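Listed below are the residues making up each chain.
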Amino acid sequence: MSKTPKGDQSFAGIGKKFSRNIYDTGKGKIRLAVLERDLADLINRTEPLSILDVGAGLGQFSERFAAAGHQVTHTDIAADMVAAARARHQERQLGQHYQYCVAPLQDLPQQLQHQQYDLVLCHAVLEWLADPEAAIRLLKGLLKPEGTLSLMFYNRDAKILANVIFGNFDYVDAELEVKKTVRLSPQSPLSPVDVARWLQESRLEVCSRTGVRCFHDYLRNREDQQRFDQLLALELKYNQQSPFNQIGRYLHWRIQHG
């Protein structure tokens, strides 16, 4: 069985909590809606695509591709998450479109016999890795020539902005360092400047940039989050426009291989 590389984070044993805290909330619903919009042309492709989902968790988003007839390889380092995803997909009668692999990103080239894919999904993974720069190089190796990387990562700039807005000046002065970590809250947000540089060094081209939760996380009145339909419409209307595509709590970049 694959071991978690030193410094990387696994969500083994907390799959239900992860789903409840993320995907059963407005935060998760916005994430899924944004990804579905950004990748609609690929979801709707008539010819089946080969798709690799890295750090896929319970596989909620990839179900859009499976339902459209594409073939998905679902990977995660946590065996119980993969088992729960398999059961979820079977329940939705999508299992025939999936293969499963329990492994960290670092082991995927060998585990998957150096197969390459039309589309690689890597959503909310880099910020949990000890060496996200090396991960970019690994992801490139998993892409077919002219393949697409869908990369979503936790935005350090947005974390600074949100904490200043809410008056957490000491936390920002301390470079976002905390004494007590929260397991489901990423502690290593990434600078978009750094990620852009890593991609450029790997000769990967960013074709589109979207902010995920450009407004949701900045609402001073939390009751406004309950006006979800209107909030989601505003997120989708503005989140590919500057400056809003730079201040999303997460950033979704669509990236092309050569």
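Structure: see above.
From a predicted model like this one, the values you see are computed outputs, not experimental measurements.

Rules of the game
Residues numbered from 1 in each chain as written. Predicted model: local features only at pLDDT ≥ 70, side-chain atom pairs only at ≥ 80, totals over all residues. Heavy atoms only, no water. Buried < 20%, exposed > 50% of the residue type's maximum accessible area, 1.4 Å probe, protein only. Helix = DSSP H or I, 4+ residues; strand = E, 2+ residues; numbered from the N terminus. Arc of directions from axis to C-beta. Contact = heavy atoms within 4.5 Å. Pairing = 2+ DSSP bridges. Right-handed = clockwise from strand over helix to strand, strands pointing away. Axes fitted to C-alpha atoms, helices over the stretch in contact; angles between N-to-C directions. Expected span 1.5 Å × (residues − 1).

Undergrad: Would you take a moment to explain helix α11 (residues 228-238) for this structure?
TA: Since one α-helical turn is 3.6 residues long, residues separated by three or four positions face the same way. When α11 is considered as a whole, its buried residues turn out to be F228, L231, L232 and E235. One side of α11 carries all its buried residues, which in axial view fall inside an arc of 100°. Facing away from the buried side of α11, by more than 90 degrees, are the exposed residues D229 and K237. Looking at the buried positions of α11, the neighbouring elements they touch are α2 (26-38).

Undergrad: Would you explain the environment of F228 in this entry?
TA: Residue position: F228 is located in helix α11. In sequence terms F228 and H216 are 12 residues apart; their C-alpha atoms lie 9.3 Å from each other. In contact with F228, other than residues within four places in its own chain, are G26, K29 and I30.

Undergrad: Looking at this structure, I do not really get the pairing of strand β3 (residues 98-102). What am I missing?
TA: Two faces, one strand: in a regular strand the side chains alternate between the faces of the sheet. Note: strand β2 (residues 71-76) against β3, five bridges, orientation parallel. Bridge pairing in β3 places T75 opposite C101. Each parallel crossover has a hand, and for β2 linked through helix α5 (residues 79-91) to β3 it is right-handed.

Undergrad: Would you mind going over the sheet that holds strand β7 (residues 250-257) with me for this structure?
TA: The strands making up a sheet associate through backbone hydrogen bonding, with each pair oriented either parallel or antiparallel. Read from one edge to the other, the open sheet built from seven strands follows the order β3-β2-β1-β4-β5-β7-β6, with strand pairing classed as mixed. With partners counted over all chains shown, the strands left at the sheet margins are β3 and β6 (204-212), one partner each. When the angles between neighbouring strand axes are averaged without regard to direction, this sheet yields 15°. When β6 meets β7, the two strands line up antiparallel, connected through eight bridges.

Undergrad: Can you help me understand α5 in this one?
TA: Its 13 residues place the ends of α5 18 Å apart at the C-alpha level, agreeing with the 18 Å of an ideal helix rising 1.5 Å per residue. Within α5 the residues assigned to the buried category are M81, V82, A85 and H89. The buried residues of α5 occupy an angular sector of 95° when projected down its axis, which confines them to one face. Positive phi appears at Q93, one or two residues downstream of α5, with a value of about 60°.

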